[in-house]
Amino acid sequence: MQLDILVKGGVLPDGRRADVAIRDGRIAEIAPSIDAPAQETFDAAGCLVSAPFVDPHFHMDATLSWGNPRINASGTLLEGIALWGELKARLTPEAVAERALSYCDWAVSQGLLAIRSHVDVCDDRLVGVEALLAVKETVRSYLDLQLVAFPQDGFYRDPRARANLLRALDLGVDVVGGIPHFERTMEEGRASVTELCEIADARGLPVDLHCDETDDPLSRHIEQLIFETTRLGLEGRVSGSHLTSMHSMDNYYVSKLLPLMAEAGVAAIPNPLVNIVLQGRHDTYPKRRGLTRVPEMRAHGIRVGWGQDCVLDPWYSLGKADMLDVAFMGLHVAQMTSPAEMRACFAMVTEENAAILGLEGYGLERGAIASLVVLDAGDPIEAIRLRAERRFVISKGRVVARKARVASRLSLPGRPAEVDLRLAPGG
Ligand code: FE2
């Protein structure tokens with residue numbers, strides 16, 4: 001059997017050592033030892049071989065715009081939205097596409113090969129929609145881009161949002177978005193959840209709302225999202241992004257909410273880098289941290305995936321398309337420090353996110369789409385600890401990025417000449 005690519009000697013996330021054989025864009029075989037001729041063979045000895053990273057929550061229309069036209073001085077969510085409004089009026093499809101494609105290059109280099117991006121539809125020109133639909137086609141052969149029609153200025157609060165959201169869906173945007181906590185009243189927020197879920201039901205689309213991204217413990221739109229999911233039979237295709245108000249909610253109320261959320265199959269997408277930066281800004285001390293109740297959700301059987309949300313945009317001034325940064329921050333803020341929980345954090349930026357996006361053919365198994373990343377780490381915990389280098393990235397059967405291992409040279413009396421930060425076996 002002539003292979004296209006053979007990855008030798010890697011360690012899978014579950015600890016098994018395996019060779020991975022790739023042919024015609026698929027994983028032809030995965031076994032402890034494969035010896036077959038291949039056009040290209042990679043030595044992954046002692047390196048973690050994982051299915052690619054997946055980001056379930058991003059804003060690709062805003063990325064890499066940091067400082068344009070000015071920086072967010074207060075650091076708040078609301079100033080970020082106002083700042084984005086200033087920038088939005090000046091956008092061109094060419095400029096949005098150029099920034100987005102640059103970001104996709106970063107993503108590929110980091111082994112991030114599937115992204116769900118919200119795209120603002122509160123713009124009569126639909127500049128972001130036009131640009132990102134084109135980008136989606138451009139990158140299709142190596143990166144899966146899923147788009148969410150996102151009414152940033154409010155589905156009802158912006159009088160044109162409803163019509164523009166429907167136009168965006170007509171143009172081929174994949175998922176219905178919303179922002180109920182930003183509507184003028186709780187009642188309008190509640191009504192927006194109902195109508196958005198009805199739109200998704202009528203069109204057979206998934207739902208992913210920015211839901212309760214606030215420190216207000218009385219922001220309870222997740223309750224309505226759960227109710228509509230069950231009423232309309234949308235189980236398994238609805239996500240609540242952020243859910244930061246749950247950090248501050250009454251504990252008794254949450255004890256009722258989480259079983260209902262599990263029952264409805266509503267997934268949660270917290271975004272730890274951005275939640276920790278934006279929430280609690282109105283507090284003195286103690287300052288709330290705003291991250292939703294991740295370990296408690298997981299204990300109830302709710303699917304939870306870590307999202308990135310922002311890189312270098314009006315809301316967040318850092319980032320590099322690295323889902324290991326996201327997992328690292330999530331692990332700390334959620335205090336998920338047991339070995340099992342740290343491994344779960346790795347799964348939450350890979351397979352859990354793939355399940356939330358409904359990616360077909362994802363995973364390291366025979367017959368799956370041949371996409372994987374080889375990391376300079378011995379296991380998932382070490383990958384998070386080191387935010388490990390991506391040695392090779394393979395997408396849909398093609399090598400799309402590679403990076404040589406570089407060790408630091410030491411000049412110390414009586415000490416080794418090189419330092420290795422790895423501990424896990426095989427380094
Ligand atoms: Fe977001």
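Residues numbered from 1 in each chain as written. Predicted model: local features only at pLDDT ≥ 70, side-chain atom pairs only at ≥ 80, totals over all residues. Heavy atoms only, no water.

Novice: Please clarify how the overall build of the chain should be interpreted in this entry.
Specialist: When its secondary structure is counted, the chain shows 13 helices and 17 strands. Scaling as 2.2 N^0.38, a compact globule of 427 residues should have a C-alpha radius of gyration of about 22 Å, and the chain matches this with 22 Å. Structurally, the chain occupies a C-alpha span of about 65 × 45 × 45 Å along its principal axes. In the chain, buried positions account for 57% of the 427 residues. A sequence separation of at least 24 residues applies to 76% of the contacts in the chain between residues at least 6 apart. (Helix = DSSP H or I, 4+ residues; strand = E, 2+ residues; numbered from the N terminus. Rg over C-alpha atoms; globule rule 2.2 N^0.38 Å. Buried < 20%, exposed > 50% of the residue type's maximum accessible area, 1.4 Å probe, protein only. Contact = heavy atoms within 4.5 Å.)

Novice: Sorry if this is basic, but what is going on with the pattern of salt bridges here?
Specialist: Charged atoms that come close allow side chains of opposite charge to pair. In this structure the tally under the stated criterion is 32 salt bridges. In this structure, Asp-120 and Lys-88 form a salt bridge, with 2.6 Å as the shortest nitrogen-oxygen distance. Here Asp-120, found in strand 7 (residues 112-120), pairs with Lys-88, found in helix 1 (residues 77-88); they are 32 residues apart in sequence, far enough to count as distant. Look at Asp-120 and you get buried, because its relative accessible area is 5%. (Salt bridge = Lys/Arg side-chain N within 4 Å of Asp/Glu carboxyl O.)

Novice: So what exactly am I meant to see when it comes to the coordination of the iron ion here?
Specialist: For a metal with four tetrahedral donors the ideal donor-metal-donor angle is 109.5 degrees, whereas six octahedral donors ideally subtend 90 or 180 degrees. Around the iron ion, the protein contributes the donor atoms His-57 (NE2), His-59 (NE2), His-210 (NE2) and Asp-309 (OD), which lie 2.1 to 2.4 Å from the metal centre. For the iron ion, the four donor atoms in the first shell make angles of 86 to 178° at the metal, so the coordination geometry reads as irregular. The motif formed by the donor residues of the iron ion, counted along the single chain, is H-x1-H-x150-H-x98-D. Here His-59, found in the loop between strand 6 (53-58) and helix 1, pairs with Asp-309, found in the loop between helix 9 (294-299) and helix 10 (323-333); they are 250 residues apart in sequence, far enough to count as distant. Pair check on accessibility: His-59 and Asp-309 agree, each one buried. (Donors = N, O, S within 2.8 Å, 3.2 Å for Na, K, Ca; no water. Tetrahedral: all angles 85-135°; square planar, octahedral: opposite > 155°, others 65-115°.)

Novice: Even after reading the chapter, I still don't get the domain arrangement of the chain, so can you show me in this structure?
Specialist: It is common to give the size of an interface as the accessible area lost on bringing the parts into contact. Taken domain by domain, the chain holds domain 1 (3-51 + 363-419) and domain 2 (53-357). If you average the C-alpha positions of domain 1 and of domain 2, the two centres end up 31 Å apart. Taken together, the 23 residues of domain 1 in the interface contact 23 residues of domain 2. Between domain 1 and domain 2, the buried area comes to about 1800 Å², and carbon and sulfur atoms account for 66% of it. In this assembly, domain 1 and domain 2 are joined by three salt bridges. The partner of Lys-396 in a salt bridge is Asp-144, with the nearest N and O atoms 2.8 Å apart. At the boundary of domain 1 with domain 2, the tally comes to six residue pairs in polar contact (both at pLDDT 80 or more). (Domains from an automatic or database assignment. Buried area = accessible area lost by both parts, 1.4 Å probe. Polar contact = N/O pair within 3.5 Å; in protein donor to acceptor, adjacent residues only side chain to side chain.)

Novice: Help me understand the side chain of Asp-123, please; the structure alone is not making it clear to me.
Specialist: By the secondary structure assignment, Asp-123 is in the loop between strand 7 and helix 3 (127-139). For Asp-123, a relative accessible area of 12% gives the class buried.

Novice: Would you explain the packing of aromatic side chains in this entry?
Specialist: The geometry of an aromatic ring pair is captured by two quantities: the separation of the ring centres and the angle between the planes. Enumeration over the complete set of coordinates arrives at five aromatic pairs. Taken together, a centroid distance of 4.3 Å and an interplanar angle of 45° make the contact between Phe-42 and Phe-392 tilted. Of this pair, Phe-42 sits in strand 4 (residues 38-43) while Phe-392 sits in strand 14 (residues 390-395), and the two are 350 residues apart along the sequence. Taking 6.3 Å as the distance between ring centres and 45° as the angle between the ring planes, the aromatic pair formed by Trp-84 and Trp-315 counts as tilted. Placement of the pair is Trp-84 in helix 1 and Trp-315 in the loop between helix 9 and helix 10, with a sequence separation of 231 residues. The pair formed by Trp-84 and Trp-315 is uniform in burial state, with each residue classed as buried. The residue whose ring lies beneath Arg-157 is Phe-182, and the NZ or CZ to ring-centre distance is 4.2 Å. For Arg-387, the ring lying beneath its charged end belongs to Phe-328, and the centroid distance is 3.6 Å. (Phe/Tyr/Trp six-rings, centres within 6.5 Å; stacked < 30°, edge-to-face > 60°. Lys NZ or Arg CZ within 6 Å of the ring centre and 35° of its normal.)

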